[in-house]
Amino acid sequence: MRLQNLEINGFKSFSKKTTLEFQNSIISIVGPNGSGKSNVVEALRFVLGEQSIKSMRGSSGSDLIFKGSKTLPKSSRASVTIYFDNSDKVFKLFQEGKENINLNYDTISISREVYPDGLNKYILNGTEVRLKDINNLLASVNIGSSHHHIISQGEADRILNASSKDRREMVEDALGLKIYQYKIKEAGRKLERTTNNMKEVSLLRRENAPHLNFLKKQVDKFEKAKEMQVSLLSLYKEYLKKESIYLNKEKSNLFNEKSRIEEELENVKHKISSIDEVNEKKESEKEKELKILEEKIHGIRSVKNEIERKLGRMEGMIEMEERRKEQTPEIIIKNPEEIKAIFEEINSEIEEAMIEENIAEIKIILLRIKEILNNVDQHKSVMEHSSSNSEVEELRKNQQKILDEMKKIEDEEKNIFEKVVDLKSEINKENEALHLKEKEKFNYRVKHQELTSSLNLISVREEGLKREEETFENEIKEGGALIGGEILSYKNFETDGEINRNNQEELKRKIERIKIKLEDVGSSGGSEIIKEFEEVSQRDNFLAKEMEDLTKSIESLHALMADLKEKIDIEFKEGVKKINVEFTNLFSLMFGGGSAHLSLVTENKRRKGEEGGEVEDEEEIAFEQGIEINVSLPHKKVKELNALSGGERSLTSIALLFAMSQVNPPPFLVLDETDAALDEANSRKYGDMLEKLSNHSQLIVVTHNRETMSRAGILYGVTVGSDGASKLLSVKLDDAVAIAK
Ligand code: ATP
C-alpha cells in the first residue's frame, strides 16, 4: 500500500485543483512563509477524517474553503482526494458481526468535501459513505484517527505535552491497536443498544404481565367451565336420553291404556244401550198382545154371558111352555132352575164386581145385573103368552143353536185362554230374562263408572306427563344455554335400556349441582379470551425469547469486549516494551547518551485517590492506564520533561515518534517543520533517521532545512501567485533551497 496522489481543490489557499504525486518514499514540501505548505498537511488531515476544525486552524467548516482573492472568486466547496495503491488488497472494510471484507479495488480513493454550511461528504471510490466507514477502512491499514503520524507545525513535542491518557491513545494507535479499540467501541455501542432493547422488552413484558395474568385466570376459569361443560354434557346425554325414553314409553302406555279403556267404555255403553233397547221393545209388544187377548176374553165372556142368559131364557121359556101345557101358567117364574140360573148369573156378576177395582167396570157390571133383572120381567110376560108345542120345539131348536154357539164361543175362549196362559208364561220368562238383563246392565253401569274414573285418572296422569315433558323441554333449553347445541346429541346416546327413576333423580341432582357452579363461573366469550390469551402469551413468549437472545448477545458482547481488552492489554504491553528498546536507542543516539523509556501509570486510580473517591471498576481502571515518558539526559540530572529545552523536547519527541514508527511502521508519516529546532548536527541525525524510516513508511516532510531537503526524492515548491492562491511546482534541490528562503 502506498500513497499515490493528493488532489486539493478549493481547500484553504488552494483555489484550483492541485495534485501532489508521491512517487518517492521521501517527499519534501518547501516554500516561503505563508505560501500554504501547512495547508497541504491540513488537506491530508482533512481527507483522512479529521474532526477538529481547530487543529486545521479554522473555527467552522467554511473556513476550510478558499475564500477568494482580488482576482479569484471564492470556492463553492473545498474538496480533497487521496489515492492509495491497493494492488496488494490490504484495505479492509469492517462489518459488524461479520468477517471483514477486503476491498477489491487496485486503487482506493477517499474524498472529503466541505460546503459553506459546514456539511461534509465522504466518498469512497465514487460512493458516498459515512465517516465511520472511512475511519474503519483507514484503521485496517494502520492509519488511526489520532493522527499521531501527522505532526503539524509546532506540534513536534505534542506527544510530550499530551496527557498520559492521550499518550496512551497515541501509542495504541501507533501499535495498530485502534482497530480493537474501534471494535470495543462498536461492541460497547451494541451493548448499549442491546441493553436498551432489553429494558424495552422487559418493560413491555412487565406491562403485559397483569393483562396476561388476567387472561390466564380467565382461561383457567374457562377451561374449568369447559371441563364442567364436558361432564355436564355427558350427564345430560344419559339423563335426557333415558328421560326421553321414559316419557315416550309413558306416553305410549297412557295412550294404549286410554284407548283400551275408551274402547271398553264404548263397548260397555253399547251393551247398556242395546240392553235398554231390547227390553223396551220386548215389553211393549208382548204386553200389547196380552192386552188384546185379555180384551178378547173379556168380549167372549160378555158374549158368553149373553148366550147363557139367552140360553137361560130359552130354557125358562121351554119349561114354561111345557108346564103351561100340563099345569097352570101361574108357575112360570116359580121354576127353581130358572131362578137358580138367574141367581147364579147375578152372583157371578157380583163376584166379578167385587174383584174389580175400577169403578167404571163395576158400573158396567151393575148395568148388566139391571138388564138381567129386566129380562126376568120380560120373560114373565113371554111365558104368559106362549102356548103351543110347536113353539116348544121351535124353542128347543133355538136352544140348541144357542148351545152350539156357546160351544163355539167356549172353544174360542179356551183357545184364547190357552194363548193368554202361554203369553203370560212367555212374558214371565221374558221378565225373568229382563231382570237378568237389568242385573247385567247394572253390572255394566258399575263397569262404566269404573272405566270413567280410570279415564279421569288417565287424564290426571296425562297432565302429569305433560308437565314432565315441559320440564324436559325446559331442561334442554337451560342446558343448551350452558353447553350449546351439542346438548341435542343426547339423541345418539346409547343406553342399556334399564331406566330407573331413582337413578334419574340422582342424575338430575348431579346436573343441578354442576349447573349452579357453571352459572357461577360463566362461560360466555371464552373463545375470544382464549384467542386473546394465545396472542398475548405468544407475544410474551416471543419477548421472553428475545430477552433470552438479548441476554446471550449481552453475554457474548461482554466476552468479546473482555477478549479485545485482554488482547489490547497484552499487545500494548508487548508493544511498549519494543518501543522502549527503540526509544532508548534513538534517544541516546540523538543525545549522545542517556536513556529514555515509557512507563505505564494508572491515571484513574491516582486521580480518584486524590479526590478521595472509591475505586469501583477494576476493568475501567485498567483502561484508564496512561503512559509517562521518563528521560535521563547524559551528564544532566534533569528528569522532568518540563525542564527540557525546546531543542531537547524536539529531539525527545522525534526519538519517541520514530521509535513508535519503527515498531509498527505507519504507511506514511507527515512531519511539518519537526526539524525546525534542530542544530546542524542533529539535523543530520534527523536526516539519517528519516532515511531509515523511509524503508517502511512514506515520508512527507515540510521543511526549511536544507539537510532534510537533501534527503528527499521529490521536492515540491509552494508559492503564492499574483492571484493570491497557492501554487505547487516540482523543484530541484538548489531551487528548493532558494524557494524555501
Ligand atoms: P510557514 O512557513 O510560515 O509555516 P506556510 O507555508 O506553512 O507558512 P500556511 O500556514 O500553509 O503557510 O498558509 C497560510 C496561508 O494560507 C495564509 O496566508 C492564509 O491567508 C492562507 N489561507 C488560510 N486559509 C485560507 C482560505 N480559506 N482562503 C484563502 N487563503 C487562506
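This text goes with the structure placed above it.
Residues numbered from 1 in each chain as written. Predicted model: local features only at pLDDT ≥ 70, side-chain atom pairs only at ≥ 80, totals over all residues. Heavy atoms only, no water.

Further remarks concern the overall build of the protein. Looking only at helices and strands, one finds 16 helices and 16 strands in the protein. Expected size for 741 residues packed as a compact globule is a radius of gyration near 27 Å; at 79 Å, the protein overshoots this value by more than 25%. Here the C-alpha coordinates of the protein stretch approximately 245 × 60 × 40 Å along the principal axes. When the 741 residues of the protein are sorted by exposure, 42% land in the buried category. In the protein, the share of contacts with a sequence separation of at least 24, taken over all contacts with a separation of at least 6, comes to 75%. For the protein, the computed accessible surface area is about 41,300 Å², with 50% contributed by carbon and sulfur atoms. Counting 117 positive and 138 negative side-chain charges, the protein places the centres of these two groups 10 Å from one another. (Helix = DSSP H or I, 4+ residues; strand = E, 2+ residues; numbered from the N terminus. Rg over C-alpha atoms; globule rule 2.2 N^0.38 Å. Buried < 20%, exposed > 50% of the residue type's maximum accessible area, 1.4 Å probe, protein only. Contact = heavy atoms within 4.5 Å. Areas by Shrake-Rupley, 256 points an atom, 1.4 Å probe, with all protein chains shown as cover. Lys, Arg positive; Asp, Glu negative; His and termini not counted. Charge placed at Lys NZ, Arg CZ, Asp CG, Glu CD.)

Before going further, it helps to spend a moment on the sheet that holds strand E14 (residues 698-702). Within the open sheet, the 6 strands sit side by side as E10-E13-E14-E3-E15-E16. Their pairing is mixed. Looking at the sheet topology across the chains shown, the edges are occupied by strand E10 (150-151) and strand E16 (726-731). By the bridge criterion, 5 bridges tie strand E13 (residues 668-672) to E14 in an arrangement that is parallel. By the bridge assignment for E14, valine 670 is matched with isoleucine 700. (Pairing = 2+ DSSP bridges.)

The next thing to look at is the nonpolar core. Counting 62 residues, the largest nonpolar core has Val171, Ile579, Phe583, Leu598, Phe658 and Leu671 as the members making the most contacts within it. No other element matches helix H10 (residues 526-591), which puts 13 residues into this core. Those residues in contact with isoleucine 579 that lie beyond four places of it in its chain are Val171, Leu175, Leu598, Leu656, Ala659, Met660 and Val663. Residues Phe11, Val40, Ile150 and Val670 belong to the second largest nonpolar core, which totals 46 residues. (Core = buried A, V, L, I, M, F, W, Y, C linked by side-chain atoms within 4.5 Å.)

It is worth spelling out the pattern of salt bridges at this point. Considering all chains together, one arrives at 46 salt bridges under this definition. Residue arginine 45 pairs with glutamate 50 through a salt bridge whose shortest N-O separation is 3.1 Å. This pair shows no difference in class: arginine 45 is buried, exactly as glutamate 50 is. Close ionic contact of lysine 437 with glutamate 440 constitutes a salt bridge, the shortest N to O distance being 3.5 Å. Highlighted residues: lysine 437 and glutamate 440, both in helix H8 (residues 389-483), separated by 3 residues, approximately one helical turn. It is possible to trace a salt-bridge network through shared partners that takes in Glu475, Glu478, Lys508, Glu512 and Lys515. (Salt bridge = Lys/Arg side-chain N within 4 Å of Asp/Glu carboxyl O.)

Our focus in this paragraph is the pairing of strand E1 (residues 2-9). Direction of pairing for E1 relative to strand E4 (residues 78-85): antiparallel, over a ladder of 7 bridges. Bridge pairing in E4 links arginine 2 to aspartate 85. Looking at chain direction, E1 and strand E2 (residues 18-21) are connected through 4 bridges and run antiparallel. Note that in E2 the partner of isoleucine 8 across the bridge is threonine 18.

The subject of this paragraph is the environment of isoleucine 355. With respect to the secondary-structure elements, isoleucine 355 resides in helix H6 (residues 336-355). What makes isoleucine 355 exposed here is its relative accessible area of 70%. Note: C-alpha distance between isoleucine 355 and leucine 657 (302 residues apart in sequence) is 185 Å.

Let us now look at the environment of lysine 37. Within the secondary structure layout, lysine 37 lies in helix H1 (residues 37-47). Leaving out residues up to four positions away in the same chain, lysine 37 has contacts with Ile29, Val30, Gly31, Pro32, Glu673, Val702, His704 and Val718. From its side chain, lysine 37 meets the backbone oxygen of proline 32 in a polar contact 3.0 Å long. (Polar contact = N/O pair within 3.5 Å; in protein donor to acceptor, adjacent residues only side chain to side chain.)

With 18 residues, helix H13 (residues 646-663) ought to run about 26 Å at 1.5 Å a step, and its terminal C-alpha atoms sit 26 Å apart, in line with that. By the criterion of burial, H13 is predominantly enclosed, with 14 of the 18 residues buried. (Expected span 1.5 Å × (residues − 1).)

On to the packing of aromatic side chains. Under the counting rule described, the total for this entry stands at 7 aromatic pairs. With centroids separated by 5.2 Å and ring planes inclined at 55°, the aromatic side chains of phenylalanine 84 and phenylalanine 91 adopt a geometry described as tilted. Accessibility expressed as a relative area gives 0% for phenylalanine 84, which makes it buried. Residue class for phenylalanine 91 comes out buried when judged on its relative accessible area of 0%. Between phenylalanine 587 and phenylalanine 591 the ring centres are 4.4 Å apart and the planes differ by 35°, which places this aromatic pair in the tilted class. With phenylalanine 587 and phenylalanine 591 both in helix H10 and 4 residues apart, the pair spans about one turn of that helix. With respect to burial, phenylalanine 587 and phenylalanine 591 carry one shared label: buried. (Phe/Tyr/Trp six-rings, centres within 6.5 Å; stacked < 30°, edge-to-face > 60°.)

Here the focus is the pairing of strand E15 (residues 714-720). Most of E15 sits out of view: 5 of its 7 residues are buried. Strand direction decides the pairing type here: strand E3 (residues 26-30) and E15, joined by 4 bridges, are parallel. Its bridge partner lying in E15, isoleucine 27 is registered against isoleucine 714. Pairing between E15 and E16: 6 bridges, direction antiparallel. Counterpart to tyrosine 716 in the pairing with E16 is serine 730. Counting the residues in the hairpin turn of E15 and E16 gives 5 residues, including glycine 724, whose phi is positive at 85°.

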